[in-house]
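# Chain and residue survey
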Amino acid sequence: MRATLLHVAGLLTIASSAVAQTPVLTVYAYDSFVAEWGPGPVIEKAFEAECACDLQFVIAGDGAALLSRIMLEGDRTGADVVIGLDTNLIAKARETGLFAPHGVTSALTVPVAWDDPDFLPFDWGWFAFVGNAGTPMPMSFRELADSDLSVAIQDPRSSTPGLGLLLWVKQAYGDDAAALWADLADNIVTVTPGWSEAYGLFLDGEADLVLSYTTSPAYHLIAENDATKVALPFTEGHYLQVEVAAKLAGTDVPELADHFMAFILSDAFQTAIPTTNWMYPAIQLAAGLPEGYDTLIQPAKTLHFSAREAAAIRDQALEEWRTALSQ
């Protein structure tokens, strides 16, 4: 009996030692990325199959909130990699000095030139207002402002779509952006911290339209066989979002972090993007895009600020938005 107990104790010790020696990679991400229906679980399973590690996703808020948390934690952050920033946050993120080069050289298919050594695209898409087929469909910001339609948007201080909307309006209307926001203010019925909350309110019928992406109808079509959700093509064009990942300079597992950064542009990671994150992949997929993506609107004009331009215009755009909604 004693020998048996010693044998069991020995096995437990070996098991505990094995667990202790398993390296852990901590990745901060936004909530919809980590959700059970998002890409997180698929990516976690695929990466752990080749890394002999424990990949742990941590929900850290929507994109801008995610960066704020990293900045607050500074060198003490528990993150090894962050995933979910975008072009409009890159300049601010770079100023922190908390991020390191990713070293990835794989070919990208994002629709803008990309040579950033620290921030690596993992998907992209165009912002759009999404509504229900059969309801009035304004074809421009001006038509939307002149309508009685209610809109749910995201807070630009915490959400990348919210900030993207401000820059969309700013690039489309320039010096007239403040006047447009004044006219749009009465259409906006709610401002949520992140994308998930706003989209949920739209699905619950709390708003006629929601700020989302041209790709959002693909979810309803592919996952629900529902063709009633449509993205509105705007004559001003649509603002481009490129979402990025980055390695923390202070990571305790730099080689594992590098492995994950390279994995981001693998087919295993990227094939999960179109049908879990409902965005366009950052590389050319061997199997192409899923059936249903061919039905999506294709903007006639792409609007986009570089990271430096977005940083320069952000405060003014935010103040115009805040002033209009406080009236």
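Worth saying up front: this structure is predicted, and the values here are computed from it rather than measured. (Residues numbered from 1 in each chain as written. Predicted model: local features only at pLDDT ≥ 70, side-chain atom pairs only at ≥ 80, totals over all residues. Heavy atoms only, no water.)

## Observations regarding the overall build of the protein chain
Regarding its fold elements, the protein chain presents 14 helices and 12 strands. A compact globule built from 327 residues should have a C-alpha radius of gyration of about 20 Å, and the protein chain, at 22 Å, falls within 12% of that. If one aligns the C-alpha atoms of the protein chain with their principal axes, the spans along those axes are about 80 × 45 × 35 Å. Looking at the protein chain residue by residue over its 327 residues, the buried ones come to 53%. Taking the intrachain contacts of the protein chain between residues at least 6 apart in sequence as the baseline, contacts between residues at least 24 apart amount to 77%. Looking at the protein chain as shown, the accessible area adds up to about 14500 Å², and 54% of this sits on carbon and sulfur atoms. (Helix = DSSP H or I, 4+ residues; strand = E, 2+ residues; numbered from the N terminus. Rg over C-alpha atoms; globule rule 2.2 N^0.38 Å. Buried < 20%, exposed > 50% of the residue type's maximum accessible area, 1.4 Å probe, protein only. Contact = heavy atoms within 4.5 Å. Areas by Shrake-Rupley, 256 points an atom, 1.4 Å probe, with all protein chains shown as cover.)

## Some details on the confidence of the model for the protein chain
Overall, the predicted model of the protein chain reaches an average pLDDT of 92, with 94% of residues at or above 70. Under a pLDDT of 50 for its full length, residues 1-6 has, in the predicted model, 0 contacts with residues more than four places off or in other chains. Per-residue pLDDT stays below 50 along residues 8-19; that stretch engages in 0 contacts with residues further than four places along the chain or on separate chains. (pLDDT = per-residue confidence, 0-100.)

## With respect to the pairing of strand β1 (residues 24-29)
The buried count for β1 comes to 5 of 6 residues, which makes it a mostly enclosed element. Pairing geometry for β1 and strand β3 (residues 81-86), over 3 bridges, is parallel. Counterpart to Tyr28 in the pairing with β3 is Val82. (Pairing = 2+ DSSP bridges.)

## Focus on unusual backbone geometry
Of note in this structure, Asn225 is not a glycine but carries a positive phi near 55°. Mapped onto the fold, Asn225 is located in the loop between α10 (216-224) and β9 (229-231). Its identity as a non-glycine residue notwithstanding, Trp278 has a phi of 55°, on the positive side. For Trp278, the position within the fold is in the loop between α13 (273-277) and β11 (280-281).

## A look at the pattern of salt bridges
A complete count under the given rule lists 11 salt bridges for this structure. Taking the shortest distance from any N to any O, the salt bridge between Glu73 and Arg69 comes out at 2.9 Å. Of this pair, Glu73 and Arg69 are both found in helix α4 (residues 63-73), 4 residues apart, which corresponds to roughly one turn of the helix. Of the charged contacts in the structure, one is a salt bridge between Asp183 and Arg142, with a shortest N-O distance of 3.1 Å. Note that Asp183 is positioned in helix α8 (residues 177-184) and Arg142 in helix α6 (residues 141-145), a separation of 41 residues in sequence. A relative accessible area of 34% places Asp183 in the partly exposed class. Residues joined by salt bridges that share partners form a network here, namely Arg94, Asp116 and Asp118. (Salt bridge = Lys/Arg side-chain N within 4 Å of Asp/Glu carboxyl O.)

## Points about the packing of aromatic side chains
All told, the structure shown has 26 aromatic pairs when counted by the stated rule. Summarising the aromatic geometry, the rings of Tyr199 and Phe202 are spaced 5.6 Å apart at their centres and angled 65° between planes, so their arrangement reads as edge-to-face. Placement of the pair is Tyr199 and Phe202 together in helix α9 (residues 195-203), with a separation of 3 residues, close to one helical turn. In this structure Tyr199 comes out as buried when scored by relative accessible area, which is 6%. Taking the relative accessible area as the measure of exposure, Phe202 reaches 3% and is therefore buried. Taken together, Phe129, Phe141, Trp168, Tyr173 and Phe234 form an aromatic cluster joined through their ring pairs. (Phe/Tyr/Trp six-rings, centres within 6.5 Å; stacked < 30°, edge-to-face > 60°.)

## Focus: the nonpolar core
One broad rule of soluble globular proteins: the nonpolar side chains tend to lie buried together. Within the largest apolar cluster, 104 residues are counted, with the highest numbers of intra-cluster contacts made by Phe99 and Phe260. Setting aside its immediate chain neighbours within four residues, Phe99 contacts Leu67, Ile70, Val82, Leu85, Ala93, Phe119, Ala246, Lys247, Leu248 and Ala249. (Core = buried A, V, L, I, M, F, W, Y, C linked by side-chain atoms within 4.5 Å.)

## Quick look at α8
Residue pairs three or four apart in sequence face the same way in an α-helix, which turns once every 3.6 residues. Along α8, the residues that are buried comprise Ala177, Leu180, Trp181 and Leu184. Taken around the axis of α8, the buried residues stretch over an arc of 100°, which confines them to a single face. Structurally, α8 contributes buried residues whose contacts are with α6, α7 (160-173), β7 (188-192) and α14 (307-326). (Arc of directions from axis to C-beta.)

## Brief notes about α14
Helix length check: α14, at 20 residues, gives a terminal C-alpha distance of 28 Å against a target of 28 Å (1.5 Å per residue), a fit within 8%. By the largest-angle criterion, Arg314 marks the main kink of α14, which is about 45°. Those residues of α14 that sit buried are Ala307, Ala310, Ile313, Arg314, Ala317, Leu318, Glu320, Trp321 and Ala324. (Expected span 1.5 Å × (residues − 1). Bend = angle between axes of the 7 residues up to and from the residue.)

## Focus: the side chain of Gln270
Position of Gln270 relative to the elements: it lies in helix α12 (residues 267-270). Discounting residues that sit within four places of it in the chain, Gln270 has contacts with Phe122, Ile264, Leu265, Pro281, Ala282, Ile283 and Leu285.

## Some words on the state of the cysteines
Under the defined criterion, the tally for this structure stands at 1 disulfide. At a sulfur-sulfur separation of 2.0 Å, the disulfide partner of Cys51 is Cys53. Linking Cys51 and Cys53, the disulfide has an S-S dihedral of approximately -85° and is accordingly described as left-handed. Residues Cys51 and Cys53 agree in their burial class; the two are buried. (Disulfide = S-S within 2.5 Å.)

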